[in-house]
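Next come the chains, spelled out residue by residue.
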Amino acid sequence: MAKLQPQARQRPMTDDSSLSALHGHGEKPTLRTLAQATGFSVATVSRALADDPRIAAKTRATVAEMAKRLGYIPDRAARRLRTGRTQVISLLLNTEHEFLGFTHEFLTGITEVLAGTGYSVTVVPDHPGDDRLAPVRTILRNNLADGLLFTRTEAFDPRVRLLMEADFPFVSHGRTEFTAPHPWVDYDNETFARQAVAHLVAKGRRRICMVLPGDQFTFAQHLRYGFVSAAREAGIAHEIVPGITLDSPTAAISAALAEARRGPNPPDGYVCVGEVTALVALAALADTGAVHGVDADIVAKRASPIFDNIRPRIGTVFEDLRATGRAMAEMLLRRMAGEPPERLNRLFQPDPPR
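Residues numbered from 1 in each chain as written. Predicted model: local features only at pLDDT ≥ 70, side-chain atom pairs only at ≥ 80, totals over all residues. Heavy atoms only, no water.

1. Here's the deal with the overall build of the protein chain
Within the protein chain, the secondary structure is distributed over 13 helices and 11 strands. Looking at the 354 residues of the protein chain, the share that counts as buried comes to 48%. Restricting to contacts in the protein chain with at least 6 residues of sequence separation, those with at least 24 account for 66%. Approximately 17,000 Å² of the protein chain is accessible, and the part contributed by carbon and sulfur atoms is 52%. (Helix = DSSP H or I, 4+ residues; strand = E, 2+ residues; numbered from the N terminus. Buried < 20%, exposed > 50% of the residue type's maximum accessible area, 1.4 Å probe, protein only. Contact = heavy atoms within 4.5 Å. Areas by Shrake-Rupley, 256 points an atom, 1.4 Å probe, with all protein chains shown as cover.)

Next up, the structure:
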């Protein structure tokens, strides 16, 4: 197909003083500003910014460079009226997390992928105790986004059901038990739990414990199965700490672990799903006079380098949350482009504890 040639152009205004005079101090540059600065027509500039392959590559590069120099930002409202798209992706995010730096790493991965696509991310607070459908309904009802990402997925997550029924593009962080396929990115928590138990058994530990997420979350089931089955296979005592979850207040987790330490048969091994629980476990050991590496050992999943600087060292397994964010953003773009959901799954595998 022949490329559309730009209209005859005037000599572009390229020096900084001319550009400043062109759009004025404090005024928002428009398509017409870019057209005047480059000498192309408004229509050509619009197509070039949309990366229309019918516009010559050199023209697209010239327009892009001028847009960068002038600080041009597309008018989302106008684009929404023209295309029906918002150029927005919404992220439902629970900021209270078992990982230190979860929000930073996760968002960084997402924004790395979206850079240059024209999409921006809006973060919507998501608290598992609230009505988790309310923000989804608001987004759908008011056409606030073109796609949705969310975390803390439940086995029969009502958000997944609603979004599938609405045929709205989304990617969940975590799997569900729905038979209909949908896009998801997950971490193999069953394998993590099995490897953590094996690591503790190799250190001679015979009474191990674990704090789980709430039962409604799918990854709680994966963790429980991996932990319990590996402990039974090894023939060792094991316990899911009762009365608390990963979402319990830190003080409550600390009190439960300290109480277990003071019992007649305290745990000598801890499998920790995140850095927060691992730090609490270390504190419980110290507060009850126990010595890590002597009286008990800890294996923790981590997403930051914090344990590189803590002594004595504990066994750790890295979960790359930045890679998770990247994978979810890439998958959402593919889904919005029409790729079938059954091809949009990824399960990250853990390395053995070190």
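2. A look at unusual backbone geometry
The omega torsion across Arg311 and Pro312 is 0°, close enough to zero to call that bond cis. By secondary structure assignment, the location of Pro312 is in the loop between strand S9 (297-302) and strand S10 (315-318). The backbone of Gln87 sits at a positive phi, close to 60°, despite the residue not being glycine. Tracing the chain through its elements places Gln87 in the loop between helix H5 (76-83) and strand S1 (88-93). For Asp167, which is not glycine, the phi dihedral falls at a positive 55°. Tracing the backbone through its elements, the reader meets Asp167 in the loop between helix H8 (158-166) and strand S4 (170-173).

3. Quick notes on the packing of aromatic side chains
Tallying each qualifying case throughout the model produces 4 aromatic pairs. Ring plane angle 15° and centroid distance 5.9 Å describe the contact between Phe150 and Phe170, whose orientation is recorded as stacked. Of this pair, Phe150 sits in strand S3 (residues 147-150) while Phe170 is found in strand S4, placing the two residues 20 residues apart along the sequence. Here Phe150 matches Phe170 in class, with each residue buried. The ring of Phe217 is capped by Arg152, whose NZ or CZ atom sits 5.2 Å from the centre of that ring. (Phe/Tyr/Trp six-rings, centres within 6.5 Å; stacked < 30°, edge-to-face > 60°. Lys NZ or Arg CZ within 6 Å of the ring centre and 35° of its normal.)

4. Here's the deal with the sheet that holds strand S5 (residues 184-187)
With parallel pairing, 6 strands are arranged side by side in an open sheet as S2-S1-S3-S4-S5-S11. The open sheet has two edge strands with one neighbour each: strand S2 (120-125) and strand S11 (345-348). Strand-to-strand twist across the sheet, computed as the mean angle between neighbouring axes with direction ignored, equals 15°. Seen against the sheet, H8 touches S1, S3 and S4 and runs at an angle of roughly 165° to S3. (Pairing = 2+ DSSP bridges. Axes fitted to C-alpha atoms, helices over the stretch in contact; angles between N-to-C directions.)

5. Observations regarding the pairing of strand S7 (residues 237-240)
By the bridge criterion, 4 bridges tie strand S6 (residues 207-210) to S7 in an arrangement that is parallel. Bridging from a neighbouring strand, Cys209 pairs with Glu239 of S7.

6. Brief notes about helix H7 (residues 134-141)
Of all the positions in H7, only Pro135, Val136 and Ile139 are classed as buried. The buried residues of H7 occupy an angular sector of 100° when projected down its axis, which confines them to one face. If you follow the buried residues of H7, they end up packed against S1, S2, S3 and H8. Looking one or two residues beyond H7, the residue adopting positive phi is Asn143, at roughly 50°. (Arc of directions from axis to C-beta.)

7. Some details on the sheet that holds S7
Strand order in the open sheet formed by 5 strands is S7-S6-S8-S9-S10, and the pairing between neighbours is parallel. The two strands at the open ends of the sheet, each matched to only one other strand, are S7 and S10. Taking each pair of neighbouring strands and ignoring which way they run, the sheet shows an average axis angle of 15°. Of the pairings in the sheet, the one linking S6 to strand S8 (residues 269-272) comprises 3 bridges and is parallel in character. Counterpart to Ile208 in the pairing with S8 is Gly269. Across the sheet, helix H9 (residues 189-202) touches S6, S8, S9 and S10, and the angle it forms with S9 is around 155°.

8. Topic: the confidence of the model for the protein chain
The pLDDT averaged across the protein chain works out to 88; a share of 90% of its residues lies at or above 70. Here residues 1-11 is a poorly scored stretch, pLDDT under 50, and it has 21 contacts once near neighbours within four places are set aside; other chains count. (pLDDT = per-residue confidence, 0-100.)

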